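Structural characterization, general
The residues making up each chain are set out below.
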Amino acid sequence: MQERHQPGVRCQRPVDWHRDRAHRHHPGEDPRGAAELHAPGDDPGGTAGKGDGAGLSRGGELRPRGAGLCAAGRRAGPRPSAGGAQPAGELLAGPRRVPIGPNSGSCGTAAYLGEPVLCSDIEHDPRWADYKHLALPLGLRACWSVPIKSSTGRVLGTFAFYYREPCSPSPLHERLVEVSVHLCALALEREESRSHIRQLAYYDSLTGLPNRSLLHIRAEEALAEVARQEDSLAVLFIDVDRFKQVNDSLGLTAGDELLRVIAERLGRWRQHSDIVSRMSVDEFVLVLPYCGSEQITEKVEQVKSILTAPVSIAGTLFKPSISIGISLYPGDGQDITSLIHRADMAMSQAKQAERGGFRFYSPELNSIAQERLALENALREALTDGSLQLYYQPQVCLDDGRLYGLEALARWHHPVLGDISPVRFIPLAEDCGLIGGLGLWALREACRQLAEWRRNGLEVPTVAVNLSPTNFHNLELPAFIEQVLTSHGLQPGDLTLEITESVLMDSNPGTLETLHAVHEQGVRLSMDDFGTGYSSLSYLRRLPIQELKLDRSFVLDLEHDATNRALSEAVIRLGESLDLTVVAEGIESEAQHRLLAEQGYHVAQGYLFARPLAAPDLAAWLRARRQD
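This structure is a prediction, so every number in the text was calculated from the model and none was measured.

About the cut-offs
Residues numbered from 1 in each chain as written. Predicted model: local features only at pLDDT ≥ 70, side-chain atom pairs only at ≥ 80, totals over all residues. Heavy atoms only, no water. Helix = DSSP H or I, 4+ residues; strand = E, 2+ residues; numbered from the N terminus. Buried < 20%, exposed > 50% of the residue type's maximum accessible area, 1.4 Å probe, protein only. Contact = heavy atoms within 4.5 Å. Areas by Shrake-Rupley, 256 points an atom, 1.4 Å probe, with all protein chains shown as cover. Pairing = 2+ DSSP bridges. Axes fitted to C-alpha atoms, helices over the stretch in contact; angles between N-to-C directions. Arc of directions from axis to C-beta. Polar contact = N/O pair within 3.5 Å; in protein donor to acceptor, adjacent residues only side chain to side chain. Salt bridge = Lys/Arg side-chain N within 4 Å of Asp/Glu carboxyl O. Phe/Tyr/Trp six-rings, centres within 6.5 Å; stacked < 30°, edge-to-face > 60°. pLDDT = per-residue confidence, 0-100. Disulfide = S-S within 2.5 Å. Parallel < 35°, antiparallel > 145°, perpendicular 65-115°, else oblique. Nonpolar A, V, L, I, M, F, W, Y, C, P; charged D, E, K, R; others polar.

**Some thoughts on the overall build of the chain**
Summing up its helical and strand segments, the chain has 18 helices and 25 strands in all. Counting only residues that meet the buried cut, the chain has 48% of its 628 residues in that class. Counted over contacts in the chain with a minimum sequence separation of 6, partners at least 24 positions apart contribute 65%. In the structure as shown, the chain presents an accessible area of about 30,000 Å², 51% of it carried by carbon and sulfur atoms.

See the structure below:
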């Protein structure tokens, strides 16, 4: 009986799979063969198969090895399924890569088939045709490779014996492999699980970029290195402008695609030492070590140019717009948290000033941000503590002077900050998500006050309340209106809702549905500030409105400006052609009153008739008017 050739590993001694991921060859052994394990994938640490095990070195020389375990990682190519041939990819074998395929030696073929592969004669085996020139010069004549499989049957790697002479494995080797492969599978699955957990903990699942946690770890390290060298560092806080509109108009999948494009472009542009991270939904952070005030403007322009290049999203050619805030170390902060926060503040200022631009942090921004935060908190409290109130401005019919209705206007008096202009707190409410609640509060309060006036014998035909497009995103708005009207004994015709032209560009699919539902209730709809925004006859035709309000900018200097007179004439003719009531705002002089009446305007509103009045003062105004 022919003697089986033993591999050069002492099988009776346990293999240490963790120490250097290799087991050393023992003195006195005849290294006639070697056992090695190949794991499919990339080596995340940059090295594989440490120690002096048997395998191919970078120079192609044999390195005597007992049993070596290479780093487990992702195999290049689709994940194999249980049973059958596995998709092609690569295995790691020390510093080398072994292709996975039907004729890729013993290990590559075993990984491909998911079955043990015995090659008793490397020189003449067709599966080794492309690789025998690597093995034969090293004295390797036979190879037995066994796939290592996960608990679900997925191939994780291969375990191989190499022999110095053509032969087959002995029963001892078969038993050794049976035990070892199971242990290897446990080790590789554990390694894979750790890698997966790390991926979840430190990387964004959508873009693959480092998340906030990993950003802080890496950025703190970069900052420490920069500080040791007394150099500079820049932080760019990048926001994708109008990202919500992309989601609303093209869908969430398109929004995700855009974010992946932004991430890919940032990753492609970054230098080796730069750090890119996704901070939140549409916000990214770029940390640039060794970048100071001299280089930063050029860098920012490069980033803008790359990120705003047109891209096809969901079949639509789209040109992204980004706003960037910039902070610099050491001038703007000594730690990464402060630098990111201040870059964020600068980005907010860039968006408010002009979308698509960039701003550098300055100490003034800090005081502005603190003031804004204090005002936002105060506004939240004002919605519940009664410091907000409604003032009412009369609207008068131009043909006979009778009262047409009232417009409810929000006013805010803070006990410490004093009177705060709507020009200041309305945009703040929009930015911080309070505008919807503010609109509903105004609707409730206006209806309550209208009912109270009527109980007191005062005749008020209707009250108009301003709502934002955000309110019409809520499909429950018609039910809310019905409940408020019913609770105060009012009819739908007693209420007018004023909307701005921005609703024409609102891509939320629920907006038009809600507008039509409110109209079907019998509530009147009025287009406020007409002519100043997205005026479009095609959009206007789609909206169920009964009233247009000429913006005060057209009334200003009406008696001296021929252009304004021509524009106001055009608006009233348009309203008549669409059978709409047209209200002129901002009338302050008799001359304006006369000209608008001559042009045919139906209703007027302005200081000429009355300023916005608190409810008690408006009641007095109504009584005095009734006596006259």
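Read on for the rest.
**What to know about the pairing of strand E17 (residues 403-414)**
Within E17, 10 of the 12 residues are buried, leaving the element largely enclosed by the surrounding structure. Judged from the 9 bridges that link them, strand E16 (residues 388-397) and E17 form a sheet pairing that is antiparallel. From the neighbouring strand, tyrosine 392 faces E17, where its bridge partner is alanine 408. Between the antiparallel neighbours E16 and E17 lie 5 residues, among them glycine 401 with a positive phi of about 80°. Two elements, E17 and strand E19 (residues 463-466), share 3 bridges in a ladder whose sense is parallel. Bridged to leucine 406 within E19 is valine 463. Counting the residues between successive antiparallel strands, the hairpin from E17 to strand E18 (residues 418-420) contains 3 residues.

**Overview of unusual backbone geometry**
Among all residues except glycine, the phi angle is most often negative; among peptide bonds, the trans geometry is most common. Note the cis peptide between tyrosine 329 and proline 330, where omega equals 10°. One can find proline 330 in the loop between strand E14 (322-329) and helix H8 (336-353). We note that arginine 242 has phi near 55°; this positive angle belongs to a residue other than glycine. Structurally, arginine 242 can be placed in the loop between strand E9 (233-240) and helix H5 (243-250). For aspartate 579, which is not a glycine, the phi torsion comes out positive at approximately 60°.

**A closer look at the sheet that holds strand E10 (residues 275-280)**
Here we have 5 strands laid out as an open sheet, ordered E10-E11-E9-E14-E15, and mixed in their pairing. A strand with exactly one partner marks an edge of an open sheet, and here the two such strands are E10 and strand E15 (358-360). Between one strand axis and the next, the sheet turns by 20° as a mean value, whatever way the strands run. Alignment of E14 against E15, held across 3 bridges, turns out to be parallel. Paired with glycine 325 across the two strands is arginine 359, which belongs to E15. The strands touched by H8 are E9, E10, strand E11 (283-289), E14 and E15; relative to E14, the strand with the most contacts, the crossing angle is about 145°.

**Quick look at helix H10 (residues 422-431)**
Every buried residue belonging to H10 is among Phe425, Leu428 and Ala429, and all of these are buried. Summarising the axial view, the buried residues of H10 lie within an arc of 100°, below the 170-degree limit, and thus occupy one face. Among the exposed residues of H10, those oriented more than 90 degrees off its buried face are Val423 and Asp431. Where H10 begins, the side chain of serine 421 points an oxygen toward the backbone nitrogen of valine 423, at a separation of 3.1 Å.

**A look at the pattern of salt bridges**
One pass over the full model with this rule turns up 20 salt bridges. With a closest N to O distance of 2.8 Å, aspartate 241 and lysine 351 form a salt bridge. Placement of aspartate 241 in the loop between E9 and H5 and of lysine 351 in helix H8 is noted, with a sequence separation of 110 residues between them. For arginine 448, the salt bridge identified is with glutamate 452, shortest N-O distance 2.8 Å. Placement of both arginine 448 and glutamate 452 in helix H11 (residues 435-455) is noted, with a separation of 4 residues, approximately one turn of the helix. You can call glutamate 452 partly exposed: its relative accessible area is 29%.

**Focus on the packing of aromatic side chains**
Under the defined criterion, the tally for this structure stands at 7 aromatic pairs. The rings of Trp144, Phe159, Phe161 and Tyr163 are connected pair by pair, giving a single aromatic cluster.

**Describing the environment of valine 246**
Position of valine 246 among the secondary structure elements: in helix H5. For the pair valine 246 and aspartate 256, spaced 10 residues apart in the sequence, the C-alpha separation amounts to 9.7 Å. With near-sequence residues (within four places) excluded, valine 246 lies in contact with Gly251, Ala254, Gly255, Leu258 and Phe318.

**Considerations on the confidence of the model for the chain**
Mean pLDDT for the chain: 81, with 82% of residues reaching 70 or above. Below a pLDDT of 50 lies the segment residues 1-88, which in the model reaches 226 contacts outside its immediate sequence neighbourhood of four places, other chains included.

**Looking at the environment of leucine 613**
One can find leucine 613 in strand E25 (residues 613-614). Since its relative accessible area comes to 19%, leucine 613 is described here as buried. Separated by 222 residues in sequence, leucine 613 and tyrosine 391 place their C-alpha atoms 4.9 Å apart. Apart from residues no more than four positions distant in its own chain, leucine 613 is found in contact with Leu390, Tyr391, Tyr392, Leu618 and Trp621.

**Digging into the state of the cysteines**
Counted by the stated rule, this structure contains 0 disulfides. With no disulfide of its own, cysteine 143 has cysteine 107 as its nearest cysteine by sulfur position, at a separation of 5.0 Å.

**Observations concerning the environment of leucine 136**
Counting through the fold element by element, leucine 136 comes out in the loop between helix H2 (132-135) and strand E7 (142-149). For the pair leucine 136 and arginine 164, spaced 28 residues apart in sequence, the C-alpha to C-alpha distance is 9.4 Å. Once you skip the residues sitting within four places of it in the chain, leucine 136 turns out to touch Ile122, Glu123 and Arg141.

**Concerning the packing of helix H12 (residues 477-487) against helix H13 (residues 509-521)**
Running from N to C, H12 and H13 point in directions that differ by 30°, and their axes come no closer than 9 Å. The angle between H12 and H13 places the two elements in the roughly parallel class. Between H12, through Leu477, Pro478, Ile481 and Glu482, and H13, the contact on the second element is made entirely by Thr514, Ala517, Val518 and Gln521. Grouping the amino acids of the contact of H12 with H13 by side-chain chemistry returns 5 nonpolar, 2 polar and 1 charged.

**Side note on the pairing of strand E21 (residues 524-530)**
Burial analysis of E21 places 5 of its 7 residues in the buried class, which makes it a mostly covered element. Where strand E20 (residues 495-500) lies against E21, 5 bridges are found, and the strand directions are parallel. What sits directly across from isoleucine 499, in E21, is methionine 527. Bridge analysis of E21 against strand E22 (residues 547-550) gives 3 bridges, and the strand direction is parallel. In the sheet register, phenylalanine 530 faces E22, and the bridge partner there is leucine 550.

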